[in-house]
Amino acid sequence: MTGTRRHRAAGPLFVAPFLTLFLLLFLAPLGYAAYLSLFQSRLIGGTVFVGLDNYTQALGDPQLLHGVGRVALFFVIQVPVMLLLALLFALALDSGLLRLARVIRLGIFVPYAVPSVVAALMWGYLYGPDFGPFAQLSRKLDLPAPHFLSDGWMLGSLANIVTWEFVGYNMIILYAALRTIPQELYEAAAVDGAGAWRVAWSVKLPALRPALLLTLLFSVIGSFQLFNEPNLLMKIAPDVISSSYTANLYAYSLAFTGQQVNYAATVSFLLGLVIVIASYGVLLTANRAGRESLRRAA
């Protein structure tokens, strides 16, 4: 009986460090931000309680709405390309047909190890209309310099940076999932006469659905939290990227430039709500698609 009690007491002790950090570093700041979002700082009267007035203002704020719409468009453009490339690389590495597969895998993953700040600075140099290598090469060939930092190209330029950074990360997740597929499935497919393409379509892709869903959820969260890349490129393209270019950048600018801490907390909460809704929508769609495929298979 004494040993059973000790085992029961050991569980909470092991979990206690995580729960403590989770409380201090996540729940406490979140609760404080929720508290701040219910107040306003005024010249006359100081900080006053306003209830949900900040949220009402934010829901009609065109800068916030445009920022959310812009990152939603970014998600639609960038994420499918990134996940498709990650899937193709993972399938190619898992096929066993590539020479120097370990070197290739490392080369694809290395950009993820580069800090996003360094990546944004590097690509900002490459995009430069005056000093960038693309612009210099275009001038030598008597061609018009590409306007990577123009209003029409900026979203694609940002998507290219994020894709370059995270293809390797998603590829590793998908490749690891491929390595867990039981060998018996491949043997059964070979007995049925399935070729490499048929095995990839009928065996590997269905087995990758949970991993693909995981990478998609990570991409939803990352897309709506887009910050580092536009914040750094804003220095070299201030006429294109404003302080409200993305919702996350808008909240940062409100808090640390405009000193509107209460309204910034409100914007952050609404952005978190958008991420939760988008993530739930992805999960709901994926679950429905999975049930539909099972029904068809049956």
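The model shown is predicted, which means the values in this text are computed figures rather than measured ones.

Reading the values: rules and limits
- Residues numbered from 1 in each chain as written.
- Predicted model: local features only at pLDDT ≥ 70, side-chain atom pairs only at ≥ 80, totals over all residues.
- Heavy atoms only, no water.
- Salt bridge = Lys/Arg side-chain N within 4 Å of Asp/Glu carboxyl O.
- Helix = DSSP H or I, 4+ residues; strand = E, 2+ residues; numbered from the N terminus.
- Core = buried A, V, L, I, M, F, W, Y, C linked by side-chain atoms within 4.5 Å.
- Buried < 20%, exposed > 50% of the residue type's maximum accessible area, 1.4 Å probe, protein only.
- Expected span 1.5 Å × (residues − 1).
- Contact = heavy atoms within 4.5 Å.
- 1 Å grid on protein atoms, 1.4 Å probe; cavity = no way out; pocket = protein on both sides within 12 Å on 5 of 7 lines; lining within 4 Å.
- Points joined across faces, edges and corners; volume = space filled by probe spheres on them.
- Nonpolar A, V, L, I, M, F, W, Y, C, P; charged D, E, K, R; others polar.

### Overview of the pattern of salt bridges
And step 1. Summed over all chains, the structure comprises 2 salt bridges.
And step 2. The salt bridge involving R179 is made with D94; its shortest N-O contact spans 3.0 Å. Here the residue R179 occupies a position in helix α7 (residues 154–179), and D94 occupies one in helix α3 (residues 62–95), the gap between them amounting to 85 residues.
And step 3. By sharing partners, the salt bridges in this structure join D94, R179 and K204 into a single network.

### Describing the nonpolar core
And step 1. The biggest cluster of nonpolar side chains holds 43 residues, and the ones touching the most others in it are L64, M171, L174, L208 and V267.
And step 2. Elements that contribute at least two residues to this core include exactly α2 (53–59), α3, α7, α8 (183–191), α9 (196–207), α10 (209–224), α12 (247–256) and α13 (261–297).
And step 3. Looking at which element gives the most residues to this core, the answer is α3, with 11 residues.
And step 4. Within the second largest apolar cluster, 19 residues are counted, among which are Y127, L149, I161 and M234.

### A few points about unusual backbone geometry
And step 1. For L100, which is not glycine, the phi torsion reads 55° and is therefore positive.
And step 2. Position of L100 among the secondary structure elements: in the loop between α3 and α4 (101–113).
And step 3. You can call L100 exposed: its relative accessible area is 64%.

### Some points on helix α5 (residues 116–127)
And step 1. With 12 residues, α5 extends 16 Å between its outermost C-alpha atoms, agreeing within 8% with the 16 Å of an ideal straight helix rising 1.5 Å per residue.
And step 2. Contacts made by the buried residues of α5 are with α7 and α11 (228–233).

### Here we look at the environment of F227
And step 1. With respect to the helices and strands, the residue F227 is situated in the loop between α10 and α11.
And step 2. What makes F227 buried here is its relative accessible area of 18%.
And step 3. Along the sequence, F227 and Y245 sit 18 residues apart, while their C-alpha atoms lie 9.3 Å from each other.

### Digging into the layout of surface pockets
And step 1. Size it by volume and the largest pocket reaches roughly 590 Å³.
And step 2. The wall of the largest pocket is formed by 22 residues, among which L91, S95, A196, A200 and K204 lie closest to the centre.
And step 3. If you list the elements that add at least two residues to the lining of the largest pocket, you get α3, α7, α8 and α9.
And step 4. Here the residues of the lining of the largest pocket are counted per class, giving 17 nonpolar, 2 polar and 3 charged.

### A word on the side chain of S219
And step 1. Position of S219 relative to the elements: it lies in helix α10.
And step 2. Residues in contact with S219, not counting those within four places in the same chain, are F75, V79, M82 and L83.

### Some remarks on the environment of L93
And step 1. Position of L93 relative to the elements: it lies in helix α3.
And step 2. A relative accessible area of 7% places L93 in the buried class.
And step 3. Taking the C-alpha atoms as reference points, L93 and I104, 11 residues apart in sequence, are found 8.3 Å from one another.
And step 4. Dropping the residues within four chain positions of it, L93 is found in contact with L98, A101, I104, R105, M171 and Y175.

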